[in-house]
Every structure is written in structure tokens, then in C-alpha cells.
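Structural features, examined
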Amino acid sequence: MKKILYAALFCCTSLLTPSCVDDLNQYPHLETTSENVYTSAENYYKVLAKIYTTMVTTGQEKGGGNADLSSNNGQDYMRCYFNLQEIGTDEVAYTWLSGENLTDISNLSWDANNSWVSDMYYRIYYNIALCNEFLRNASDEKISGFSENEQTAIRQYRAEARFMRALFYYHAMDLFHDIPFVTENDPVGSFIPPRYTAEQIFNFIESELKELTGEDSDLLDKNSCPYGRASKGAAYTLLAKMYLNAATYIGTTKYDECIQACEAVIEEGYTLEPEYKKLFNADNDKRTNEIIFTLPVDANTTVSWGSSTYMVCGAISQTSEYQVPADYGATKGWGSMRIRQAASSLFQQSDIRAGFFTEGQTQEVTSMDDQSTGYLVTKWTNLTDDGQQASNTDLNGVSTDYPLFRLADVYLMYAEATARGGKGDMNRALGYVNALRERAFGNSSFNVPMNELTKDNCIFFLDERLRELYWECSRRTDLIRFNCFTTADKLWEWKGGSQAGTSVDSKYNIYPIPATELSANPNLYNENY
């Protein structure tokens, strides 16, 4: 069904064993296979494909067999990322907190020994290691023996690998702030990476993305880029995200730069899709007008038990006598998560973005382990456009891709940065916001006036971003930007482990470097943990 086939090439191994702290095994290290792997342009493509698929799979074989690395929970990059970005916010009430080791993430009470924090950290650095090894072998000198057409193709792959590394470093900076830094120019093996501050990482990512969006870049534009791969639009979107949150990372606002990056994305020619719900179904590979960068998942070629399979099956109840899994393209539900009342109550009844199953459900989450408390989220499905189940989810997961960047987010970033004082056009900003609301409500009856965008420190955007982007891995970052993640400025049921919600220590705005990593790298340390 998908336009891209991700072939996995077993080109590297990694021993990431958190119990082993007396050496550098915590850092991904690559076997000496470069002379065997980087011998053809086709092999370069296969390694690039591996870099992409590491976000949704865990190993070399179907469903994660022949694992890339050992981990505490054995889950893929996006499942780890979703848990760290969403489980502790108002958007998710998780059922199996103890069984999934997510109690501390939900309660905002983790420490440097948390298994999910550790797994996320090592998955990020495993992926960075893959990118670095690819780039070591994709220099102009290394590829000089290939034909001119092959060199052109490999340079495009090289640009994509640089983008992916920038994305991984952005996730690391956003989650951990001050982190180890290593590139293709550093030696492999005994090298101990230095600790870079969030500002240094910010500057590196910015420099990389500016080069990748420059006139001489080998990164492809929207119309030339194959499906499932990174385009200039993706690079501009990542820049916009980083600039919008710059005050969090470097203590300085970058709203003008955010607006410029958003404008560049829009100039690439993206447009809103007419139907919101089809952005999250099994035919969402057809939604390339709006989806800027996606992670393909397919029951035949790219089986994932995390990523969008987690979104579809995890949201379907195991105990409801009313909800039917087949209605969402699933063979059965996992009963993993619901949405908390603090989030679901922000939707007006006629908002089609409110993909909730409510029959037999209370809106308030009075018990985290009771699947009947909290509405069930039906935003994601494994249904095709004509309503057919796309795959047997028990055997092969879903065939729904995970949209990582969407134009809707770019519209909201442009509007927020402008409302916060950036040099954008407020009429244009209002138009972008209301274009999303007109899609959501089917008409202009619920359009917002200009003063709604600027009042109360732009708090409108915190709520509107939830309505548009819930369960798309942006909530924690958004709450931190509005100083609402750890403070009492915004409470939700079971925040901080209290049913009524409570504030927590501000140190939880940043995840700690895992304790195993501190033992392995003397350059690292955690503040406040």
C-alpha cells in the first residue's frame, strides 16, 4: 500500500546494556564493516532506510526480531518518545502504570534510574551513531569512485542523514538539555564525548538546518522528495519548532526566526487537507498536501508494535461492553490509555477533532487503572478511506503512518510567534488559525476574533494546539513553553500523583541523563537530580 519499501540492512550492532557501567558500552559502537557495506549506491540507500526505520522498529526482523540494542522495555523510539512527551501531561491517562513502569512518568516523579528515560536516551544516541557512521562514509572523498549519478544520489542521502541527526539531537536537547555531543569527525571506540550545553546543541542544530535549507543544499524540495523521506519543508519545520521554544533552551526568544521558517514551509506549497480524520487513518500516505514529514508504518513492509500501532490499539478499551475494536480497524484493543478530563473538556461538542468514544465512559479520570474513566481516543484508526480494516493488528500491527510534522502545526507556530511579538502579519495569523477552526467545525461559526490570540499571554494557543495536535507528541514541550508543565498554573487530574492535581518540582521540566551514562562518561552530570 505504501509508496516506499524500507529494506533493513544489517550493517551495525550495538551493546547498550544499562547494567554494564564499567566501560563505554553505553555508547553505540559500530562493527568494522564499512568496507563491506559502503560498496554501492544501493547499500547507501539501505543504510539510510535503516536510519528512518529505527524510529518505528526495534530490530532487523519483522516485529523487532534480532534487536538493534538491548533495552529495559524493548520498545521502539516513537513509543518511548510518546511516553515521555505525553504520559505525564493532561492528554493521557495510562492504565497499566505499574506493569509498564510508567508510574513515575505519569506522576512527574522520575529519577536518573527510570527505565523509560534510559531507553529513550539510548535510542536517540544509537540513531545518532547510525547517522555519524553513514556520514563518515559519505564524504566527497569516500564516494569519488562512484558514477556521477550515484554521487548525486548519495549526496541527497547524506543531506537526509544530516537532517535526521539534527532531529535526534533536537529530541535529546528538548528532553535532556545538556547532553554529550559527537559527530562523524570524532573517533569511534574509546572517544568520550564532551558535555555540550543546550545552547551549544541549539547552535549546532541551527547551523545544520540552515545549510540544509540553503540554495546549495542537496535536500530535496516538496515536489521532488520521495514519500517518507525528509525534504526542505521538514528542515524548515524543525527550525520553526526549535525557534518557537528557543527561550526554553537558550533563554532568548526567536519569534522572528520562527516566523521566517514557517513562511518558508508554506512557500513550499503545502495546503490543508479537507478532512481532519483522514490524516490519521491507514490511507494517510495520500495526505501529502498537509503532512510534511511522516514515519511510514506498514503491516507488510514495516511492522511496528509502537508508533501508530500504539496509538490505534492502545486507545481501544479491553473492558468496554460498548466499544467495538473493528470500528477502528483493530483486531482487539490493548486498553492502554485514555484522555484526561482537563484535556477533553477543552473541545466544543461540534468540533470534529474531538475523536472520543464516550458511551459507558466517565469524562473525569477518577482512577488511573479503570478503563471506564476518561474518554477513549478514536483519533487514530487502521481503517482505509473506504472504511476497511487495513491489516490484522494482532499479527502485523497497523498500516497507519505516523505524521511527525503537519502544516497545521506550522500555521499555529506562525500565529503564536506573531502574537507573541514576532514580525509576522496578525491578519495572516488569524487567517491560519481560523482556517483550522473552519475545517474543525465545518463552517466559520466558531472562528475566533483577533483579541483572542493575544489575551492572557497568548494562552489561547496552548488550548488550541491541544485541540489540533493532541497525541502527536508536542504536549510536554508546549506546556513547558507556557510554564504550565510543573507549576500550579495548570492542573489536571492526577498531576503529580494527586487526584486533584498538584504542582511539582521545576526540575521535572528536564529529564535526567541516565545513571548508567553518568558512570560511563565522567564529562556528564545532572543538575538538581
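Described in the following lines is the structure provided in the data block. (Residues numbered from 1 in each chain as written. Predicted model: local features only at pLDDT ≥ 70, side-chain atom pairs only at ≥ 80, totals over all residues. Heavy atoms only, no water.)

**As for the overall build of the chain**
When you go through the chain residue by residue, the secondary structure sums to 18 helices and eight strands. Its C-alpha atoms give the chain principal-axis dimensions of roughly 60 × 50 × 50 Å. By the burial criterion, 63% of the 529 residues in the chain qualify as buried. Counted over contacts in the chain with a minimum sequence separation of 6, partners at least 24 positions apart contribute 69%. Of the roughly 18,800 Å² that the chain leaves accessible, carbon and sulfur atoms contribute 43%. (Helix = DSSP H or I, 4+ residues; strand = E, 2+ residues; numbered from the N terminus. Buried < 20%, exposed > 50% of the residue type's maximum accessible area, 1.4 Å probe, protein only. Contact = heavy atoms within 4.5 Å. Areas by Shrake-Rupley, 256 points an atom, 1.4 Å probe, with all protein chains shown as cover.)

**Points about helix H15 (residues 426-441)**
A rise of 1.5 Å per residue sets the reference length of H15, with its 16 residues, at 22 Å; its end C-alpha atoms lie 22 Å apart and thus fit the reference within 8%. You can read the cap of H15 off the contacts: a side-chain oxygen lies 2.8 Å from the backbone nitrogen of Asn427, and it is on Asp425. Among the residues trailing H15, Gly442 stands out with phi positive, at a value near 85 degrees. (Expected span 1.5 Å × (residues − 1). Polar contact = N/O pair within 3.5 Å; in protein donor to acceptor, adjacent residues only side chain to side chain.)

**A closer look at the packing of aromatic side chains**
Within the structure shown, the criterion is met by 36 aromatic pairs. Note on Tyr52 and Phe293: the rings are 6.4 Å apart at their centroids and 55 degrees apart in plane angle, and the pair reads as tilted. Of this pair, Tyr52 sits in helix H2 (residues 41-53) while Phe293 sits in strand E4 (residues 291-295), and the two are 241 residues apart along the sequence. No difference in accessibility class separates Tyr52 from Phe293, as the two residues are buried. Measuring from ring centre to ring centre gives 5.3 Å for Phe460 and Phe461, while their planes differ by 80 degrees; the resulting arrangement is edge-to-face. Taken together through their ring pairs, the aromatic side chains of Trp110, Tyr121, Tyr122, Tyr125, Tyr169, Phe176, Phe181, Tyr196, Phe204, Tyr508, Tyr511 and Tyr529 make up a single cluster. The aromatic ring of Tyr270 is capped on one face by Lys222, whose charged end is 5.3 Å from the ring centroid. The side chain of Lys379 reaches across the aromatic face of Tyr470, ending 4.3 Å from its centre. (Phe/Tyr/Trp six-rings, centres within 6.5 Å; stacked < 30°, edge-to-face > 60°. Lys NZ or Arg CZ within 6 Å of the ring centre and 35° of its normal.)

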